[in-house]
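What follows is each chain in one-letter form.
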Amino acid sequence: MSGKEPDHLGTIAEVEAGQTQEEGDKDYIRWVDFNVTSQAMEDACQWDISTYGRDIHLNWIELLACLGARYGGDFKSYRSEDMENLAEKLTEGTDTIASVTANLQYYDYYLEAYEAVLGGLVGLYEREVADDAGQKSWEKVYGLKACSPIAAGFEYSDYDDFGVSRTYGYERRHLGHDMMGLVGTPVIAVESGYVSALGWNQYGGWRIGISSFDGKRYYYYAHLRQNRPYAQGLEVGDVVLAGDVIGYMGRTGYSKEENVNNIKVNHLHFGLQLIFDESQREGANEIWIDVYPIVKFLEKKRSQVQRNDETKEWSRTLLIRDPEAERYIREQGGDGGLPDKNEKAAGIHGGLRSGNWI
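Residues numbered from 1 in each chain as written. Predicted model: local features only at pLDDT ≥ 70, side-chain atom pairs only at ≥ 80, totals over all residues. Heavy atoms only, no water.

A. Structural view of the overall build of the protein chain. Of regular secondary structure, the protein chain possesses 8 helices and 19 strands. Carbon and sulfur atoms make up 44% of the accessible area of the protein chain, which amounts to about 16,200 Å² in all. (Helix = DSSP H or I, 4+ residues; strand = E, 2+ residues; numbered from the N terminus. Areas by Shrake-Rupley, 256 points an atom, 1.4 Å probe, with all protein chains shown as cover.)

See below:
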């Protein structure tokens, strides 16, 4: 990433057309205003999970896209009754998602946009469970894979600060979400993916960039702790799983010199960039969305962690296996085997070194 927060704003016309005037010959989304509420996500997710394995399985992103098209993308008027009425029509079999969206002009746009935002959060995975005696076993689960960016047991405060003014370096909009807490608070991988950026950034200080396996989402975690910002052994190219400890909260940044604490308040800057085309990866065409409602939605799913008193590192308590991670590793030439135990002090982050998962 460039590290320079973009200040481009798409117009409503661009959103509706899915293009800008300058690049009208290419067919991909140029801008996304993600205004889905945490309650709408919760309701849709529950319908998806509760109907899994039934004759009619509802897709939570399709439900949200349908209502998004009806609301014109503005979920301020969202009511749980709207979701319930839609879901009941579909589960009764009298309507299909194709029939209820046939006359919704922008449904396809909202479906693609919301799929880019939420595509990796729900699905099949395996998780470790412990019985009363502490014996661990694996169980297959269909549900919410994603986790809050802050570990369980650590307090934080936040508010919706997306778009507020920032002046360091140049005047710009804040294109992320700040979560205030104590230095050393474990920072968690929200979604499984691979580490695509690691190191110092003038604006973000010590930061981590994690790309989703489908390449559509880039998660940005910034202002990490001075001196020991990252989970032990974390490197570019490592595969991380949702719920892994990846770093620690701090206040580094706003400095061309490395390892400097120039941020006044300890916090995690958490951001999410969408990428529909390589031209959007860096520069004025970057798309960053307001993740505040996603953070609120994920508040119920916080990764349980434990501390190693010898290394002073935190790691997750119970492991998971993500088939999307296995698929990615196979495609990269690895053997596809996920570790059965936490061999690294920092949690389950592995690597694609020499083509193997370690």
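B. Spotlight on the pattern of salt bridges. Applying the stated criterion across every chain yields a total of 14 salt bridges. Residues Arg-217 and Glu-191 are paired through a salt bridge, measuring 2.8 Å at the closest nitrogen-oxygen approach. Residue Arg-217 is located in strand 10 (residues 217-222), and its partner Glu-191 is located in the loop between strand 7 (186-188) and strand 8 (193-201); the two are separated by 26 residues in the primary sequence. With a closest N to O distance of 2.9 Å, Asp-309 and Arg-307 form a salt bridge. On the accessibility criterion, Arg-307 (40% relative accessible area) is partly exposed. A single network of salt bridges, built from pairs that share partners, joins Glu-191, Asp-214 and Arg-217. (Salt bridge = Lys/Arg side-chain N within 4 Å of Asp/Glu carboxyl O. Buried < 20%, exposed > 50% of the residue type's maximum accessible area, 1.4 Å probe, protein only.)

C. View of the pairing of strand 13 (residues 267-274). In terms of burial, strand 13 is a largely internal element, 8 of the 8 residues being buried. Neither face of strand 13 is exposed, since His-267, His-269, Gly-271 and Gln-273 on one face and Leu-268, Phe-270, Leu-272 and Leu-274 on the opposite face are all buried. Pairing geometry for strand 6 (residues 177-180) and strand 13, over 4 bridges, is antiparallel. Bridge assignment links His-177 to a residue of strand 13, and that residue is Phe-270. Both strand 13 and strand 14 (residues 287-288) contribute to a ladder of 2 bridges, which runs antiparallel. In the sheet register, Leu-274 faces strand 14, and the bridge partner there is Ile-287. (Pairing = 2+ DSSP bridges.)

D. Summary view of the environment of Ser-80. Mapped onto the secondary structure, Ser-80 falls in helix 4 (residues 80-92). Judged by relative accessible area, Ser-80 falls into the partly exposed class, the value being 32%. For the pair Ser-80 and Asp-43, spaced 37 residues apart in the sequence, the C-alpha separation amounts to 6.9 Å. Other than its neighbours up to four places away in sequence, Ser-80 contacts Gln-39 and Asp-43. (Contact = heavy atoms within 4.5 Å.)

E. Broad picture of the layout of surface pockets. Its boundaries defined by the atoms lining it, the second largest pocket holds a volume of some 440 Å³. In terms of lining, the second largest pocket is formed by 25 residues, of which the most central are Gly-119, Gly-120, Val-122, Lys-145 and Glu-324. Counting only elements with at least two residues in the lining of the second largest pocket, the list comes to helix 3 (60-71), helix 6 (107-118), strand 1 (122-130) and helix 8 (323-331). For the lining of the second largest pocket, the element with the highest residue contribution is helix 8, accounting for 4 residues. Its residues assigned to classes, the lining of the second largest pocket comprises 8 nonpolar, 7 polar and 10 charged. (1 Å grid on protein atoms, 1.4 Å probe; cavity = no way out; pocket = protein on both sides within 12 Å on 5 of 7 lines; lining within 4 Å. Points joined across faces, edges and corners; volume = space filled by probe spheres on them. Nonpolar A, V, L, I, M, F, W, Y, C, P; charged D, E, K, R; others polar.)

F. The arrangement of the nonpolar core in detail. One finds Trp-60 and Leu-64 to be the most contacted residues of the largest nonpolar core, which totals 80 residues. Here this core takes 9 residues from helix 3, the largest share from any one element. Each residue touching Leu-64, except ones within four places of it in the same chain, is listed here: Val-36, Ala-40, Met-41, Ala-44, Phe-75, Met-83, Tyr-114 and Leu-118. Core analysis: the second largest hydrophobic core is formed by 9 residues, Tyr-125, Val-239, Leu-241 and Ile-329 among them. (Core = buried A, V, L, I, M, F, W, Y, C linked by side-chain atoms within 4.5 Å.)

G. Quick peek at the environment of Asp-43. If you trace the backbone, Asp-43 turns up in helix 2 (residues 38-50). Given the relative accessible area of 15%, Asp-43 is considered buried. Sequence separation between Asp-43 and Trp-60 is 17 residues, and the spatial gap between their C-alpha atoms is 8.5 Å. Those residues in contact with Asp-43, other than ones at most four positions away along the chain, are Tyr-78, Ser-80 and Met-83.

H. Local environment of unusual backbone geometry. One non-glycine residue, Asn-227, lies in positive phi territory at about 75°. When you line up the elements, Asn-227 lands in the loop between strand 10 and strand 11 (239-240). Residues other than glycine seldom take positive phi values, yet Asn-259 does so here, at roughly 65°. Turning to its location among the elements, Asn-259 is positioned in the loop between strand 12 (245-248) and strand 13.

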